[in-house]
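Residues per chain, in single letters:
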Amino acid sequence: MNNSSSLQQFRQNVTDKYTIFNSLFAALPYSGIANVGALLPILVQSCIEGYQEGKDPMQIIDLFFSRHTSAVSETDKVDRLFKFVQYIERQVVLFDAIEDAAFSSVNDLNGTGSLKALYNEAFFKGKIPLLKEKLQHFKVRVVLTAHPTQFYPGSVLGIIHDLGEAIGKNDFQTINLYIQQLGITPFFNKKQPTPLDEAVNLMWYLENILYQSIGNIYNFIQQDILAGEENNNPFIELGFWPGGDRDGNPFVNAATTLKVAASLRSAIIVCYYRDIRKLKRRLTFAGVDVLITELEALLYENVFRPNENKRIQQTELLQKLEAIKVLLNENHHSLYITRLDSLMNKVRLFGTWFASLDVRQDSRIHTKVLADINATRIDQKKGGILPDNYTSLSEGGKINCLLAIDTVVELTNVSEEISKDTLESIFAINSIQQTNGEAGCHRYIISNCQSALNVMEVFTLFKLCGWDTNQLSVDIVPLFETIDDLTAAEGIMEFLYQLPIYQKHIAKRQKSQTIMLGFSDGTKDGGYLQANWSIYTAKEQLTSISRKYGIKVKFFDGRGGPPSRGGGKTNKFYASLGNQIENEEIQLTIQGQTITSNFGTLQSAQYNLEQLLSAGISNTVFAENRTNLTELERALLTELGAVSHHVYQNFKAHPQFMTYMQQFSPLNYYSKSNIASRPGKRGNADKLRFEDLRAIPFVGSWSQLKQNVPGYFGVGSALKQLKEAGRWEEVKALFNNVLFFRTLIDNSMMSMLKSFFPLTAYIKDNPEYGEIWQLIKTEFDITEQLVLELSGNTCLMEEDQSGRNSILLRDKIVLPLLTIQQYALHQLHNKKLNENQRKDYEKLVTRSMFGIINAGRNSA
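Residues numbered from 1 in each chain as written. Predicted model: local features only at pLDDT ≥ 70, side-chain atom pairs only at ≥ 80, totals over all residues. Heavy atoms only, no water.

Asks: For the side chain of Asp 96, give the residues involved together with the corresponding values.
Replies: Mapped onto the fold, Asp 96 is located in helix 4 (residues 74-101). If we ignore the near neighbours within four places in the chain, the residues touching Asp 96 are Tyr 152, Ile 160, Arg 810, Asn 854 and Arg 857. (Helix = DSSP H or I, 4+ residues; strand = E, 2+ residues; numbered from the N terminus. Contact = heavy atoms within 4.5 Å.)

Asks: Lay out the pairing of strand 2 (residues 236-240) with the relevant residues and their values.
Replies: Put simply, side chains in a regular strand alternate between the two faces of the sheet. In terms of burial, strand 2 is largely enclosed, as four of its five residues are buried. Pairing of strand 1 (residues 139-144) with strand 2 involves five bridges; the strand directions are parallel. Bridge assignment links Val 142 to a residue of strand 2, and that residue is Leu 238. Across two bridges, strand 2 lies against strand 3 (residues 356-362) in parallel orientation. Within strand 3, the residue paired with Phe 240 across the bridge is Leu 357. (Buried < 20%, exposed > 50% of the residue type's maximum accessible area, 1.4 Å probe, protein only. Pairing = 2+ DSSP bridges.)

Asks: Any details on the packing of helix 26 (residues 631-652) against helix 29 (residues 715-724)? Residues and values, ideally.
Replies: At a minimum axis distance of 8 Å, the contact between helix 26 and helix 29 shows a crossing angle of 125 degrees. On the basis of the axis angle, helix 26 is oblique to helix 29. Crossing hand, helix 26 versus helix 29: right-handed. Together, Leu 636, Glu 639, Leu 640, Val 643, Ser 644 and Val 647 of helix 26 and Val 715, Ser 717, Ala 718, Leu 719, Gln 721 and Leu 722 of helix 29 make up the contact between the two elements. When its residues are assigned to classes, the contact of helix 26 with helix 29 shows eight nonpolar, three polar and one charged. (Axes fitted to C-alpha atoms, helices over the stretch in contact; angles between N-to-C directions. Parallel < 35°, antiparallel > 145°, perpendicular 65-115°, else oblique. Left-handed = near helix turned anticlockwise from the far one by under 90°. Nonpolar A, V, L, I, M, F, W, Y, C, P; charged D, E, K, R; others polar.)

Asks: How would you explain the nonpolar core if you had to name every residue and give the values?
Replies: Core analysis: the largest hydrophobic core is formed by 269 residues, its most contacted members being Leu 206, Phe 240, Tyr 272, Tyr 660, Trp 702, Leu 719 and Phe 741. When residues of this core are assigned to their parent elements, the largest contribution, 14 residues, is made by helix 10 (residues 195-225). Apart from residues lying up to four places away in sequence, Leu 206 is in contact with Leu 144, Tyr 211, Leu 238, Phe 240, Leu 264, Phe 354 and Ala 355. Core analysis: the next-biggest nonpolar cluster, separate from the first, contains seven residues, Val 477, Leu 479, Met 516 and Phe 556 among them. (Core = buried A, V, L, I, M, F, W, Y, C linked by side-chain atoms within 4.5 Å.)

Asks: Requested: an account of the environment of Ser 213, with residues and values cited.
Replies: Mapped onto the fold, Ser 213 is located in helix 10. The exposure class assigned to Ser 213 is buried, which follows from its relative accessible area of 0%. In contact with Ser 213, not counting residues within four places along its chain, are Leu 602, Ala 605, Gln 606 and Leu 609.

Asks: Give me the sheet that holds strand 2: which residues, what numbers.
Replies: Strand order in this closed barrel of eight strands is 1-2-3-4-5-6-7-8, and the pairing throughout is parallel. On average, each strand axis in the sheet is inclined to that of its neighbour by 25 degrees, with strand direction left out of account. With two bridges connecting them, strand 7 (residues 552-558) and strand 8 (residues 585-590) associate as parallel partners. From the neighbouring strand, Phe 556 faces strand 8, where its bridge partner is Gln 587.

Asks: So, helix 34 (residues 835-856): which residues are in play, and what are the values?
Replies: With 22 residues, helix 34 should reach 32 Å at 1.5 Å per residue; the first-to-last C-alpha distance of 32 Å fits that figure. At the C-terminal side of helix 34, Arg 857 shows a positive phi close to 65 degrees. (Expected span 1.5 Å × (residues − 1).)

Asks: A description of the pattern of salt bridges should follow, citing residues and the corresponding values.
Replies: Scanning the model with the defined rule gives 42 salt bridges in all. With a closest N to O distance of 3.1 Å, Glu 237 and Arg 141 form a salt bridge. Here the residue Glu 237 occupies a position in strand 2, and Arg 141 occupies one in strand 1, the gap between them amounting to 96 residues. Looking at Glu 237, the relative accessible area reads 22%, which means it is partly exposed. (Salt bridge = Lys/Arg side-chain N within 4 Å of Asp/Glu carboxyl O.)

Laid out in structure tokens, this is it:
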């Protein structure tokens, strides 16, 4: 679909419908709604005109109250602001639902990047055999995370889904009912959710969206591309972090991990049970009816009356379905065989695990656990596991000591709670593999991995917990995040590949090694351009060293929602990789809002999954389109990255860097929002340090400041330096010829389009913080100017008009929220506030975060 057609569809199916259905809010039969609905358009216009006239948020709010309301007291003003916040929250939900309903109109589901388009291109180019060969092993692994960028509670997610369906049918009466329901449904959690709560909320997407959409993709590939040829590749796998990711989350423990695994098993069995009940209504034939009734009863028992002795596994379930299929083929004219095949395909995909639960912990914890085991056993007179001089040994010496350990420990051999949980989590992996199957939990991720020793520490912990390390059914996955760690990754992996015991382990894992790379912390550490280029070059180096030792490396990308955290137009990044980067699988995390926006409906989920599959497959099938970087292009990217890195490091070193964010953004309020079980920072130090700050509140706070620093800072300075050196034509050639660089610039444009500096322009006159505000604004201006010149466009995101209009309309909806948030933050600096007033303004800041983040869809 071309740009103008997409824009026309967007205006017709989104903009116009929003205008119509938004009017229904004002007619809601609830107290004060009509008054809020009448005043809100005036507030919106006051904000637009106020910022155009150079007013600050405080002046705009004060002027609005004095001109358009009778509110005089502070209490009355705050009460009215809360009502505006609640009203706008619901407008955002309505817009989400309308945009979801219009997805298939605005996007060409069978266009470029779809599996149908991929098949057609392969057919016309005579590449069908190569396509089939690639489908024998290539797959996408989508890992849902518990990271706190999702502010909608489960009840609201359900309304969005149902409202979207009603809007798609233009069912006005039902739409009106859902809007009434929306008007009185709470939008926030009264208490902080537990990790289990987070897991259950995410399972809604597994059961209601991904179960069906992934099944549809599998069916299409098997029937239309492979034409029924045997293939054991699942094509798409699901991963799951809630309940397994304990990195910095003190509320995740082994008991939670086991409960989440049990819930995943129960959820998939429920899905099968529902499908069997539907099939039972069709398969009413002699003999078949008996088998399907028996299977229905068995699934029921597994869900509602679980018994260890009657626990059904994937193999048994497929055998029973195969017996039904034989009868249908032999005795009943193969009636409804397609439906049965569809269910069997889902069983092949999801087994009895639904999604594979990853366990993750920080490398520093593993070091502490080994020290704790050693010290505790010495205290217990059982003998330590490490020599007295262990801490003074070289890395190689320490690894030799670890390899020499031949002891199995018990939980009584540790004194610290974190040590106990770490060991219990390793025991839990074994339990989950017994109940859900090996695929249910088979990866242990080491965050902050900085050495081969960090990997071997985890290997040793499995040995201490009684695992046979010669048959270890777990992939140990190092996570490299900072710029320094990415640089060191090649040497670390080569050391491991040369280690005989690790070579044996890799051989048992089909000679493959998964390596995770962190986009979020990489950008936070090194800046947007340098982080992305460092990850690209790290992938090249890791591919080369892995191929040298005959190992297939699989890259697992820790991506967030916005471009600054590896999000944005993700499929284009994968399409841009040269053949010097292994293309065995695409693995990536999907977080918070991105789950809702990209996988919130059957259509959007199937579309985005197909885009990822197609991007990876095309790189091999149409290898003639896949070019490696020239030496000149590589040198240019290295130079641009180095300049941007230097500029970003200087910015981070500004004495007001952290206090600026704390003073003017809601950074300090993330932990009070009750959106996630995980704390907003690592460690328990009283003072917030940059290194303890998590990427999500870091990026999210810049987003709510409408400055989006992590998405472009340093890019403009790098471009400017090369232009002033007379090398602009080289940069333009890089943009035109290298998809990777072009995608970086395109995504940076998205970050800049979501910025709005008039909101915080008042800071430039602040004697303490004016300098840093001007520094950010100057970098933004030069970046915007040069990326537009580079692309030949007249405005940001000019080549994606529907995306551009979506962002602009969403920003207009939340402009009053942004203004209210800044107003409340300013009031909190007033030392004369009493305790109740302070609590009210803090609550106002926190509540305004919900709508702002939700409207951004990929802003954190």
